[in-house]
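Take a look at the letters that make up each chain.
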Amino acid sequence: AQKITQTQPGMFVQEKEAVTLDCTYDTSDQSYGLFWYKQPSSGEMIFLIYQGSYDEQNATEGRYSLNFQKARKSANLVISASQLGDSAMYFCAMRGFTGTASKLTFGTGTRLQVTL
Amino acid sequence: EAQVTQNPRYLITVTGKKLTVTCSQNMNHEYMSWYRQDPGLGLRQIYYSMNVEVTDKGDVPEGYKVSRKEKRNFPLILESPSPNQTSLYFCASSLGAYNEQFFGPGTRLTVL
C-alpha cells in the first residue's frame, strides 16, 4: 500500500521569500515516482514537478525544486522567491511501479498563502 | 490544444437518478483515471484504465462504473447516485503509466 503524508494544512510566506512544503511517503515498491501538483482557487490541477526514485539529482523546474531524501522517505517542495500567484493548494502524490498496475496516491494537501 | 475535457462541469441531481460524466482527451494517452476530491481527504482514485478495454479499481470504486471502449474517452457512470457521492470529480490522462497526469477542469456534482 502507498501512503502520502502532508503534515502542514496551511502555510504563510512573505512575497519573495522561499518556502518548503513537506511531504513524506511510504511504499513497498522499489521503483516509484513523486509528483507535486498545484490547485489554485479556480480548481484546476497543475503539474509542477516530478522526481523518480532512481534519479540521483533533485528535480528542478524554474522556481520549483524537489528536495528528495530517499532514506528519510521525504520529497519536500521548495518554492523560491514566492509570488502572490503561488497562493494555492499544493498536493504531493506518488505513483508506484508494480508490474502493470500503476496508481497515483495523493496527500491531503497544504494550503499556501503568499502575503505582501 | 492538448487537453482533457469533462462534461458537465456542474451537475445537481437527485438520489437514484443515473448519470454519466464524460471525459475525453486528445493527446493519444494510454492511461486515464478518475478521482474524487473531498475536503480534508485530498484526491482519491476511483478507477483507472491502462488502455482500451483495460480498467481496474482504485481506492474508492464503490457506487461507480467506468468503460473504455475508445482510447480517447473514459466516462464515469453513477448508476444510482447517493448524497455521499457529492464531490468534485477529476478525470486525468497520461502518456503511460509512469508519466505525469494531465487533469481535466473538474465536475462538481451535488446529489440531493
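For the structure itself, consult the block above.
Residues numbered from 1 in each chain as written. Chains lettered and ligands numbered in written order. Predicted model: local features only at pLDDT ≥ 70, side-chain atom pairs only at ≥ 80, totals over all residues. Heavy atoms only, no water.

With that settled, consider unusual backbone geometry. Across the junction of N7 of chain B and P8 of chain B, the peptide omega takes the value -5°, indicating a cis bond. Turning to its location among the elements, P8 of chain B is positioned in the loop between β1 (4-7) and β2 (10-13). Of note in the backbone geometry, K16 of chain A takes a positive phi value of approximately 80° without being a glycine. Locating K16 of chain A in the fold gives a position in the loop between β2 (10-14) and β3 (19-21). On the basis of relative accessibility, which here comes to 64%, the residue K16 of chain A falls in the exposed class. (Helix = DSSP H or I, 4+ residues; strand = E, 2+ residues; numbered from the N terminus. Buried < 20%, exposed > 50% of the residue type's maximum accessible area, 1.4 Å probe, protein only.)

The next thing to look at is the side chain of Q8 of chain A. Residues and elements named next belong to chain A. The residue Q8 is located in the loop between β1 (3-5) and β2 in this model. Take Q8: its relative accessible area is 12%, and that puts it in the buried class. Here D22 takes part through its backbone nitrogen, which lies 2.7 Å from a polar atom of the side chain of Q8. Discounting residues that sit within four places of it in the chain, Q8 has contacts with T20, L21, D22, G109 and T110. (Polar contact = N/O pair within 3.5 Å; in protein donor to acceptor, adjacent residues only side chain to side chain. Contact = heavy atoms within 4.5 Å.)

Before going further, it helps to spend a moment on the state of the cysteines. Covalent bonding between the sulfur atoms of two cysteines is what defines a disulfide. Residues and elements named next belong to chain B. Under the counting rule described, the total for this entry stands at 2 disulfides over all chains. Across a sulfur-sulfur distance of 1.8 Å, C23 and C91 are joined as a disulfide pair. Linking C23 and C91, the disulfide has an S-S dihedral of approximately -70° and is accordingly described as left-handed. In this pair, C23 sits in strand β3 (residues 19-25) while C91 sits in strand β9 (residues 87-94), placing the two residues 68 residues apart along the sequence. An identical accessibility class is assigned to C23 and C91; each is buried. (Disulfide = S-S within 2.5 Å.)

All names here are of chain A. With respect to burial, strand β9 (residues 74-79) is a largely interior element, 5 of its 6 residues being buried. Relative to β9, β3 runs antiparallel, the two being bridged by 3 bridges. Considered in β9, the bridge of T20 is made with V78. Looking at chain direction, strand β8 (residues 64-69) and β9 are connected through 6 bridges and run antiparallel. Paired with Y64 across the two strands is I79, which belongs to β9. (Pairing = 2+ DSSP bridges.)

Moving on to the pattern of salt bridges. In this structure the tally under the stated criterion is 6 salt bridges over all chains. For D86 of chain A, the salt bridge goes to R63 of chain A, with nearest N and O atoms at 2.8 Å. With D86 of chain A in the loop between β9 and β10 (88-96) and R63 of chain A in the loop between β7 (60-61) and β8, the pair connects residues that are 23 residues apart, well separated along the chain. In this structure D86 of chain A comes out as buried when scored by relative accessible area, which is 1%. For R63 of chain A, a relative accessible area of 23% gives the class partly exposed. Across the salt bridge formed by D38 of chain B and R36 of chain B, the nearest N and O atoms sit 2.8 Å from each other. For the pair shown, D38 of chain B and R36 of chain B are each scored as buried. (Salt bridge = Lys/Arg side-chain N within 4 Å of Asp/Glu carboxyl O.)

Evaluation of the coordinates by the stated rule reveals 14 aromatic pairs over all chains. Taking the centre distance of 5.2 Å and the plane angle of 80° together, the rings of Y37 of chain A and F103 of chain B count as edge-to-face. A residue pair is termed interchain when its members come from two chains, as with Y37 of chain A in strand β5 (residues 32-39) and F103 of chain B in strand β10 (residues 102-103). On the basis of relative accessibility, which here comes to 0%, the residue Y37 of chain A falls in the buried class. Residue classification places F103 of chain B among the buried residues on the basis of a relative accessible area of 11%. A ring pair is formed by F106 of chain A and F103 of chain B, whose centres lie 6.1 Å apart and whose planes are at 75°; its orientation type is edge-to-face. With F106 of chain A in strand β11 (residues 104-106) and F103 of chain B in strand β10, this pair bridges two chains. Taken together, the aromatic side chains of F35, Y37, F47, Y50, F91 and F106 of chain A together with Y35, F90 and F103 of chain B make up a single cluster linked through ring pairs. Directly above the ring of Y64 of chain A sits R63 of chain A, whose terminal nitrogen or CZ lies 5.7 Å from the centroid. If you follow R95 of chain A out to its NZ or CZ, it ends over the ring of Y31 of chain B, 4.2 Å from the centre. (Phe/Tyr/Trp six-rings, centres within 6.5 Å; stacked < 30°, edge-to-face > 60°. Lys NZ or Arg CZ within 6 Å of the ring centre and 35° of its normal.)

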